[in-house]
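# Reading the structure
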Amino acid sequence: MLTEAITFSQEYLQQLMAVFVDPRKRLFAGYLIAALVIALVVTVLVQRVPVRQAFRDIFQKRIWASRSAFADYKIGMINQAIMMLLSPLLLSRVALATAVYFLLREQFPKGAEIFFDTPLWAIIAAFTCVQFLLDDATKYALHRALHQIPFLWAFHKTHHTAETLTPVTVYRTHPVEGVLFSLRSTLVQSVTISGFVFLFGNQVDLYTVFGVNVFLFLFNALGSNLRHSHIWISYGSRLEHIFMSPAQHQIHHSVDKHHFDRNFGAVLSIWDWMFRSLYLAKGVQNLRFGVDELDQEQPHSLMALYVTPFFEALRWLKDMILQKNRGLKASLAKSFGILFLLAVIVSPVTVFANELNVYSHRQPFLIKPFLEAFEKETGTKVNVVYSTKGLAQRMQAEGMRSPADVVLTVDIARLSVYADKDLFAEVNSDILNKNIPPHLRDKNNKWFGLSKRARVVAVAKDRVKPGEIDRIEDLAGPNWEGRICSRPGSHVYNRALVASVIAAKGEEAAEKWAEGIVSNLARRPQGNDRAQVKAIYQGQCDVAIINSYYFGKLKTSDVPEQREWAKGIKLVFTNQNDRGNHVNISGGGVAKHSKNKELAVKFLEFLTLEKSQKLYGEINFEYPVNPVVQPTAEISSWGSFNEDKLPIEQIAELAPKAQRIIDKVGW
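Below, the structure is looked at part by part. (Residues numbered from 1 in each chain as written. Predicted model: local features only at pLDDT ≥ 70, side-chain atom pairs only at ≥ 80, totals over all residues. Heavy atoms only, no water.)

## Digging into unusual backbone geometry
What counts here: By definition, any uninterrupted DSSP run of H or I lasting at least four residues is a helix, any uninterrupted run of E lasting at least two residues is a strand, and each is numbered from the N terminus. Exposure classes here rest on a 1.4 Å probe applied to the protein chains alone. A residue is buried below 20% of its type maximum, exposed above 50%, and partly exposed in between.
You will see that R276, though not glycine, has its phi angle at about 60°, which is positive. Inspection of the secondary structure puts R276 in the loop between α12 (270-274) and α13 (302-323). Residues other than glycine seldom take positive phi values, yet N445 does so here, at roughly 60°. Note that N445 resides in the loop between α18 (430-435) and β6 (448-460). With relative accessibility at 13%, the residue N445 sits in the buried group.

## Focus: the nonpolar core
Inclusion rule: Residues grouped as a nonpolar core are buried Ala, Val, Leu, Ile, Met, Phe, Trp, Tyr and Cys residues, joined through side-chain atoms within 4.5 Å. By the convention used here, residues are in contact when the closest approach between their heavy atoms is within 4.5 Å.
Grouped together as the largest cluster of nonpolar side chains are 76 residues, with contacts concentrated most on L356, L408, L475, W513, V543 and F603. If one sorts the elements of this core by residue count, helix α27 (residues 648-665) sits on top with eight residues. Sequence-distant contacts of V543, defined by excluding residues within four places in its chain, comprise V457, A458, V459, V464, I469, L475, W480, R483, I484, C485 and I536.

## Re the environment of L268
Summarising the element assignment, L268 is placed in the loop between α11 (246-252) and α12. Given a relative accessible area of 8%, L268 falls into the buried group. A sequence separation of 26 residues divides L268 from I242, and the C-alpha atoms of the two residues are 5.6 Å apart. Ignoring sequence-local partners within four residues, the contact set of L268 consists of F132, L133, D136, I242, F243 and M244.

## Remarks on the state of the cysteines
As a reminder, the rule being used: Here, a disulfide means two cysteine sulfur atoms that sit within 2.5 Å of each other.
Per the stated rule, a full pass over the model turns up one disulfide. The disulfide that involves C485 links it to C541, with 2.2 Å between the sulfurs. Where C485 bonds to C541 through sulfur, the torsion about that S-S bond is close to -115°, and the disulfide is left-handed. On the criterion of sequence distance, the pair formed by C485 in strand β7 (residues 484-485) and C541 in the loop between α21 (529-537) and β8 (543-547) is long-range, its members being 56 residues apart. On the basis of relative accessibility, which here comes to 0%, the residue C485 falls in the buried class. When its relative accessible area of 1% is taken as the criterion, C541 is described as buried.

## With respect to the pairing of β6
Going by this rule: DSSP bridges decide pairing: two strands pair if at least two such bridges lie between them.
Most of β6 is tucked away, with 13 of its 13 residues classed as buried. In the sheet, β6 pairs with strand β10 (residues 583-590) via six bridges, with the strands oriented antiparallel. What sits directly across from G449, in β10, is G587. Note: β6 against strand β11 (residues 623-624), two bridges, orientation antiparallel. Opposite K452, over in β11, you have Y623 as the bridge partner. One ladder, built from five bridges, connects β6 with β8; its direction is antiparallel. In the strand pairing of β8, V456 is matched with I546. Sheet analysis places β6 next to strand β9 (residues 569-572), joined by four bridges and oriented antiparallel. Within β9, the position partnered with A458 by the bridge is L571.

Quick look at the structure:
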C-alpha cells in the first residue's frame with residue numbers, strides 16, 4: 001500500500017510538471033511565452049503603451065493574486081489527482097477504437113483497406129483535417145449542452161464562477177465536466193482512428209508538431225492562452241466568423257445578459273455562425289466576469305466549487321418532479337440521454353479483474369483467431385486494446401494501475417521499446433524456452449519471438465534471371481541502377497535490415513551498401529511493401545525489398561488486381577551460402593504490472609504451441625518460431641531457406657547506428 005502511494009505521488013508530480021513541459025498541454029511553457037509575446041506586441045505596438053507599463057498591465061496583482069485566481073491554482077492541482085484516479089475507470093481511446101474497428105470489419109468485410117494504395121501524404125492530410133474538425137465540432141456541441149441543459153450547467157458553472165481570467169482558468173472545471181470532455185475526446189478519436197484504419201490500413205498518421213495535431217499546435221502557439229485573460233484581442237468581423245478570437249471567448253465569460261449563450265466554439269467560430277450563437281467583438285469592451293446567480297458567501301471556496309454543484313443538480317431534479325414542468329422534463333430527458341451514453345462507454349477496470357487484457361500493435365483481425373482459440377481452450381475471456389502507436393506511453397502513464405496483462409507487437413525494435421522502458425516482467429517458462437530458439441528471445445526472458453518474417457527480395461519473373469541476385473549485398477551493384485523500389489529506409493523493417501548488415505560487415509561496409517541501394521532506386525522511397533510489388537507489376541522497377549508475408553497476402557487477396565501483381569514476381573532468399581537470410585519477428589511479453597501473470601504466461605506459451613504456430617502461417621503467412629513446426633504448404637511452396645541466426649536483440653542494439661546511416665545516405 002505504501003509503495004503504491006509513493007508511486008502515485010511520483011506520477012502525480014510528473015504529470016503536474018508535464019502541464020508546463022508537454023506540448024500536448026495547453027499551459028506548455030512554449031505556448032505561454034508565445035502568448036506573452038503576442039500580448040506585449042498588441043499592448044505596445046497597437047495600443048501604444050510603454051513597455052514597462054505593458055508588463056505591469058499584463059501581470060496585474062489584482063488579477064494574478066486574486067481569490068478567483070488562487071481558486072484556479074488549487075482546482076488545477078486537485079483535479080490532476082482526481083483525473084488520475086478516474087482515468088483507469090474510463091474506457092480508453094484505443095479500446096473503443098478496436099471495438100469500432102471490429103464492428104466495421106464484421107459489417108463491411110469487403111470494404112477493409114479499400115484505399116490502401118492512396119498516397120501517404122493524402123491519407124495523413126485527410127486524417128489530420130477530419131480529426132481536427134470533428135474534435136472542434138463536438139467541443140462546440142458539448143459546451144453548448146453544458147450551458148443549455150440545467151442539470152449539466154450546475155457543474156459547468158464552476159468554470160464560469162471565475163471573476164478574473166488567467167491561462168490557468170482553463171483548468172477551473174468540475175471533475176464531472178472533466179469526465180465528459182475526456183469521454184468526448186475518446187469517442188471522437190476512436191471513431192476517426194478506427195474509420196481511417198479500416199479504409200486505409202496502418203498508414204494512418206497525423207501531421208504533427210511536437211506530437212500535436214498541426215492545427216491545434218498553431219491554435220495554442222498563436223495565443224490560445226489569451227482567451228482566459230484580460231488582454232483584448234479581436235480578429236475583426238470577417239475572421240471572427242471563422243476563428244474564435246480571445247475577445248470573443250472573454251465575451252462568453254461576461255455577466256452581461258446580451259452575452260449569455262454566445263461563442264461556444266473552441267478553435268473555430270463557424271459552428272456558432274452556423275447555429276446562430278455567434279457574437280462578434282465590436283470594439284474594446286469593459287467586461288465583468290463571473291455569474292450573477294451566485295448566492296454563496298464564498299464563491300471561490302472548494303465547497304462551493306466541488307460540492308455545491310451536486311446539490312444544485314439535485315435541487316433541479318426535485319423542482320422538475322414537484323413542478324411537473326414539461327420544459328424541465330424535456331431538459332431532464334436530454335441530460336439523462338447524455339449520461340446514459342457516457343455510462344455505456346465508461347468501463348471499470350474491475351470488469352476485467354478475472355480476464356486477460358492484451359495490448360496489441362497487431363491488427364485485430366490478425367490476432368482474433370488466436371484469441372478465440374485460447375478462449376475456447378481455457379474458458380478465459382480475452383479483451384484487446386489495439387493501436388498502431390502510443391501503447392508503451394500509455395502503459396507508462398498508467399503505471400501500477402495499468403490493466404494490461406500481455407503486449408503483442410511486431411518487430412524487435414518495438415519490443416525493445418517496452419523492454420527499455422521496463423514495462424515487461426521477467427518470465428521463467430520451460431515451455432517458452434523449449435519452443436523458442438535462444439536467438440529469438442530476450443536473454444533476460446522479458447520478451448519472446450512468436451513468429452518470423454523474412455525480409456526478402458521480390459523480383460520480376462520476366463526481367464530478372466535466376467541467380468542474378470545471390471546476396472543482399474548484390475543490390476548495391478551498378479547493374480541494378482534505376483531498378484529497385486523500396487519503402488523509406490527509416491521504416492523499422494528496413495532499419496532492421498541495415499542493422500543486420502552492420503552486424504555482419506561493420507558500419508563502413510553497411511554505409512557503402514546503403515549508398516548503393518539509394519543510387520539504384522527507381523523512384524523516391526514510398527508506400528508499404530504491397531506498393532513495391534505493384535510498382536514491379538507496373539514496370540516502375542524490377543526489384544523490391546519486401547517482407548515475405550506480403551507475397552502470401554497478395555496471392556490470396558480478394559482483389560483480383562492484387563493477385564495479378566503477385567503472379568508476376570518470385571521471391572529470392574539471400575545469403576544462403578553464408579550467414580543466411582535476415583529475419584525479424586513478431587513477439588510479445590507479460591506486462592510488468594499484470595494482475596494475471598500466470599494466465600498471461602499461459603497465453604504466451606499457447607502462442608508457441610503447434611496449433612497456434614500453424615495459425616500464424618495460415619492467417620498472416622508468417623514462419624513458425626517453434627523449430628518442430630513446419631511452415632504451411634503455401635509458405636513452403638515459396639522455397640526453403642536458411643535464416644540468419646544473429647541474436648535478434650542485436651538488431652535493436654544496432655538500430656541507432658542503422659538510422660544514422662539511413663539519414664546520412666538519404667534513404
